[in-house]
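Per-entry structural report
Chain residues, written in single-letter form:
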Amino acid sequence: MTTTRTARVALVGDRSAHVRSHTRIPGLIEVLREQHGLALDAYWVPSEEADADALAGFDGIWLIPGSPYRSEAGALAAVRAAREHRVAFLGTCGGFQHLMLEMLRDVAGRPDAAHAENDPAAASPAIVPLSCSLVGHEGAVNLRKGSLAEQIFGVERTVERYHCAYGLDRAYLPLLEAHGLRFTGHDDDGEVRVAELADHPFLVGTLFQPELSGDGTRVHAVIRAFAEAAVAVGPARETAAA
């Protein structure tokens, strides 16, 4: 008999029946429980309600696709809460983009860093239009040998599905790397597709959408890894409180 382990997880984003990744998530949560013994007690938290109080006590935070979020501040608060309280974090598509923004503003000392989709007139956009939109596309991702990403995926090269038109401006790579962010997945042109934070139990962002992998009857490896990390937070939190 499979032992079921449970974690409280916040799904931060503006839930919509018109966003395919959102409609996939409930089924993926059920697959995690049935096939892997990972029960996510999931709460959908709209971006405009995401703040330190609303996100307190969760074992994991998943910043889901669907940008532009109704509240950029709420999306950034989700990243900050996971980073500061060392709970499991997964940011996919828009979640990846706002992981970059939060790190730049709150860790790397660039409060002027902006998202061009949210602020087209910004003087210092860090998240910029991709040279070629990835909406509805699939593409290869090469994973750095020895990275957490390679460990999760179990391969050095994978093909993933996208639905985005914005990504990180390469000019910000050295600054982010100097503050602990590791870029461990790239496309064949060297553009960033996966990031992970050093010295954090599990803080991972993917520009692609693992929610769209396959037909929904199996869970993408990075989502399963996030769930595993989230269920590990509860006992760690209890030990720290004892």
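Since we're looking at a predicted model, the values are computed, not measured.

**Re the sheet that holds strand S10 (residues 181-186)**
Pairing is mixed in the open sheet, where nine strands are placed in the order S2-S1-S3-S4-S12-S11-S10-S7-S8. Edge positions in the sheet fall to strand S2 (38-45) and strand S8 (157-161), since each of these pairs with one other strand and no more. When the angles between neighbouring strand axes are averaged without regard to direction, this sheet yields 25°. The pairing of strand S11 (residues 192-197) with strand S12 (residues 203-206) spans three bridges and is classified as antiparallel. Note that in S12 the partner of Val-194 across the bridge is Thr-206. Contacting strand S1 (5-12), strand S3 (60-63), strand S4 (88-92), S11 and S12, helix H3 (residues 72-85) runs over the sheet at an angle of about 150° to S3. Against the sheet, helix H4 (residues 94-107) contacts S3, S4, S10, S11 and S12, and its axis sits at roughly 115° relative to S4.

**A few points about the packing of aromatic side chains**
The full count for this structure, using the stated rule, is five aromatic pairs. Among the aromatic residues, those joined into a ring-pair cluster are Trp-62, Phe-202 and Phe-226. Above the face of the Phe-58 ring, Arg-8 is positioned so that its terminal group lies 4.4 Å from the ring centre.

**Looking at the pattern of salt bridges**
Using the criterion set out here, one finds 15 salt bridges in the structure. Between Asp-14 and Arg-70 there is a salt bridge, with the nearest N and O atoms lying 3.6 Å from each other. Residue Asp-14 is found in the loop between S1 and helix H1 (20-36), and its partner Arg-70 is found in the loop between S3 and H3; the two are separated by 56 residues along the sequence. Between Arg-83 and Glu-84 there is a salt bridge, with the nearest N and O atoms lying 3.9 Å from each other. Here Arg-83 falls in the buried class, since its relative accessible area comes to 18%. By sharing partners, the salt bridges in this structure join Arg-80, Arg-83, Glu-84, Glu-102 and Asp-106 into a single network.

**Quick word on the sheet that holds strand S9 (residues 166-168)**
Sheet architecture is open: three strands sit in the order S5-S6-S9, paired in mixed fashion. One side of each edge strand has no neighbouring strand; the edge strands of this open sheet are strand S5 (114-115) and S9.

**Points about the nonpolar core**
Membership of the largest hydrophobic core comes to 78 residues, with the highest contact counts inside it found for Val-12, Ile-61, Met-100, Leu-176 and Phe-183. Here this core gets nine residues from one element, more than from any other, and that element is helix H7 (residues 221-241). If sequence neighbours within four positions are ignored, Ile-61 has contacts with Ala-10, Val-12, Leu-55, Ala-78, Ala-81, Ala-82, Val-87, Ala-88, Phe-89, Leu-90 and Phe-226.

**What about the state of the cysteines?**
Working definition of a disulfide: a covalent bond connecting the sulfur atoms of two cysteines. Scanning the entire structure with this criterion turns up zero disulfides. Take Cys-93: it sits in no disulfide, and the sulfur closest to it among the cysteines is that of Cys-164, at 4.5 Å. With relative accessibility at 4%, the residue Cys-93 sits in the buried group.

**Section: unusual backbone geometry**
In this chain, Ser-67 is followed by Pro-68 through a cis amide linkage whose omega measures 5°. With respect to the element layout, Pro-68 can be found in the loop between S3 and H3. Located in the positive-phi region is Cys-93, a residue other than glycine, with phi close to 60°. Here Cys-93 shows up in the loop between S4 and H4. Positive phi, normally seen in glycine, also occurs at Asp-199, with a value near 60°. With respect to the helices and strands, the residue Asp-199 is situated in the loop between S11 and S12.

**Some points on the side chain of His-98**
Locating His-98 in the fold gives a position in helix H4. For His-98, a relative accessible area of 0% corresponds to the buried category. The contact partners of His-98, leaving out residues within four places of it in the chain, are Leu-63, Ser-67, Tyr-69, Glu-72, Ala-75, Leu-76, Val-79, His-115 and Asn-118.

Analysis parameters
Residues numbered from 1 in each chain as written. Predicted model: local features only at pLDDT ≥ 70, side-chain atom pairs only at ≥ 80, totals over all residues. Heavy atoms only, no water. Pairing = 2+ DSSP bridges. Helix = DSSP H or I, 4+ residues; strand = E, 2+ residues; numbered from the N terminus. Axes fitted to C-alpha atoms, helices over the stretch in contact; angles between N-to-C directions. Contact = heavy atoms within 4.5 Å. Phe/Tyr/Trp six-rings, centres within 6.5 Å; stacked < 30°, edge-to-face > 60°. Lys NZ or Arg CZ within 6 Å of the ring centre and 35° of its normal. Salt bridge = Lys/Arg side-chain N within 4 Å of Asp/Glu carboxyl O. Buried < 20%, exposed > 50% of the residue type's maximum accessible area, 1.4 Å probe, protein only. Core = buried A, V, L, I, M, F, W, Y, C linked by side-chain atoms within 4.5 Å. Disulfide = S-S within 2.5 Å.

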